[in-house]
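Spelled out, the chains give:
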Amino acid sequence: MFTRIRAALGIAFVVLFIMSINAFAKGGFSFIVITGAGLEDEIRSIEPALTEDFFAFADFYRHKTSEPADPGTGYEITRYYIDGQREIPFDHLHYYRETGFVYYDGIVNGSSEYDGEWYTANPEIQAVFESALSIHSMDKIQSSASTAQTQSGVPLHPVYLALLGALGVALISLFTYRFHKSFSQ
């Protein structure tokens, strides 16, 4: 009996491990906060194109550039993840959508080789970013409670989803074992 339970738990932990690796490889930010450029309030976005990839705004490996003479008006982007009930800022960057530049301020509680550098923005991100801004504008017109609405719409962190999946696999394995055992007697 214990051997099958151990096997089921072992499989569940392997699934958890594989799912966790995939979650961390994608970047896995829970949401971003956008401020600046004439915005009255901060904008929170859970748009996957803006949150799933660490390099969504710029490819820091390949698109480093020199500081532009006039990058234009920018937006400050803070990327967050959720740990339990806490919103934890991960990093800051400035996105200049009109001129196509990104300034990477850096990791909030650490540093990286990308900190304090200028990059050319990914051209595909501009339309997604503008869509996030326009959705916020429409929400603000339709409802004065848009900030509370986006706050409650923040999804669970991918690691928590992986834990729930592993727990589900373990429970299914346990019930299958007990069901099989009761009919085999």
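Residues numbered from 1 in each chain as written. Predicted model: local features only at pLDDT ≥ 70, side-chain atom pairs only at ≥ 80, totals over all residues. Heavy atoms only, no water.

1. A look at the overall build of the protein chain
Broken down by element type, the protein chain carries five helices and seven strands. For the protein chain, the proportion of its 185 residues judged to be buried stands at 32%. Considering only intrachain contacts with a sequence separation of at least 6, the fraction spanning at least 24 residues in the protein chain is 59%. Carbon and sulfur atoms make up 59% of the accessible area of the protein chain, which totals about 11,200 Å². (Helix = DSSP H or I, 4+ residues; strand = E, 2+ residues; numbered from the N terminus. Buried < 20%, exposed > 50% of the residue type's maximum accessible area, 1.4 Å probe, protein only. Contact = heavy atoms within 4.5 Å. Areas by Shrake-Rupley, 256 points an atom, 1.4 Å probe, with all protein chains shown as cover.)

2. Some details on the nonpolar core
Ile 34, Phe 57, Phe 60, Ile 77, Tyr 95, Val 102 and Phe 129 are the most contacted members of the largest nonpolar core, which has 23 residues in total. Mapped onto this core, the elements with two or more residues apiece are strand S1 (31-36), strand S4 (75-83), strand S5 (86-96), strand S6 (101-107) and helix H3 (125-142). When residues in this core are grouped by element, the largest group, four residues, is from H3. With near-sequence residues (within four places) excluded, Phe 57 lies in contact with Ile 32, Leu 50, Ile 77, Arg 79, Leu 93, Tyr 95, Val 102, Ala 121, Asn 122, Ile 125 and Phe 129. (Core = buried A, V, L, I, M, F, W, Y, C linked by side-chain atoms within 4.5 Å.)

3. Concerning the confidence of the model for the protein chain
When pLDDT is averaged along the protein chain, the result is 76; 59% of the residues meet or exceed 70. This stretch, residues 13-26, has a pLDDT under 50; its non-local contacts, to residues over four places away or in other chains, come to 14 contacts. Confidence over residues 141-157 falls short of pLDDT 50; this stretch has 21 contacts with residues more than four positions distant or in other chains. (pLDDT = per-residue confidence, 0-100.)

4. Notes on the pairing of S4
Of the strand pairs in this sheet, S1 and S4 are connected by six bridges, and their pairing is antiparallel. Each residue of the ladder has a partner; that of Ile 34, found in S4, is Ile 77. Looking at chain direction, S4 and S5 are connected through nine bridges and run antiparallel. Opposite Tyr 80, over in S5, you have Pro 89 as the bridge partner. Once S4 ends, the chain turns through two residues before running back antiparallel as S5, passing Gly 84 with a positive phi of about 70 degrees. (Pairing = 2+ DSSP bridges.)

5. Re the pattern of salt bridges
Taken as a whole and judged by the stated rule, the model has seven salt bridges. One salt bridge in this structure joins Glu 42 and Arg 44, with 3.3 Å as the shortest N-O distance. Residue Glu 42 is classed as partly exposed on the basis of its relative accessible area, which comes to 35%. Asp 91 is paired through a salt bridge with Arg 79; the nearest N and O atoms lie 2.7 Å apart. (Salt bridge = Lys/Arg side-chain N within 4 Å of Asp/Glu carboxyl O.)

6. Details of the packing of aromatic side chains
Scanning all chains against the criterion turns up 21 aromatic pairs. On the numbers, 6.4 Å between centres and 85 degrees between planes, the contact of Phe 54 with Phe 90 is edge-to-face. Pair noted here: Phe 54 is in the loop between helix H2 (48-51) and strand S3 (64-65) and Phe 90 is in strand S5, with a separation of 36 residues, a long-range link. By relative accessible area, which is 19% here, Phe 54 ends up buried. Judged by relative accessible area, which is 25%, Phe 90 ranks as partly exposed. (Phe/Tyr/Trp six-rings, centres within 6.5 Å; stacked < 30°, edge-to-face > 60°.)

7. Details of the side chain of Thr 78
Counting through the fold element by element, Thr 78 comes out in strand S4. Assessed through its relative accessible area of 7%, Thr 78 is described here as buried. Separated by 2.8 Å, the side chains of Thr 78 and His 92 make a polar contact. (Polar contact = N/O pair within 3.5 Å; in protein donor to acceptor, adjacent residues only side chain to side chain.)

8. Examining the sheet that holds S1
Taken in spatial order, the seven strands of this open sheet run S2-S1-S4-S5-S6-S7-S3, and their pairing is antiparallel. Sheet topology places strand S2 (43-45) and S3 at the edges, where each strand pairs with a single neighbour.

9. So, the pairing of S5
Relative to S6, S5 runs antiparallel, the two sharing six bridges. Each residue of the ladder has a partner; that of Asp 91, found in S6, is Ile 107.

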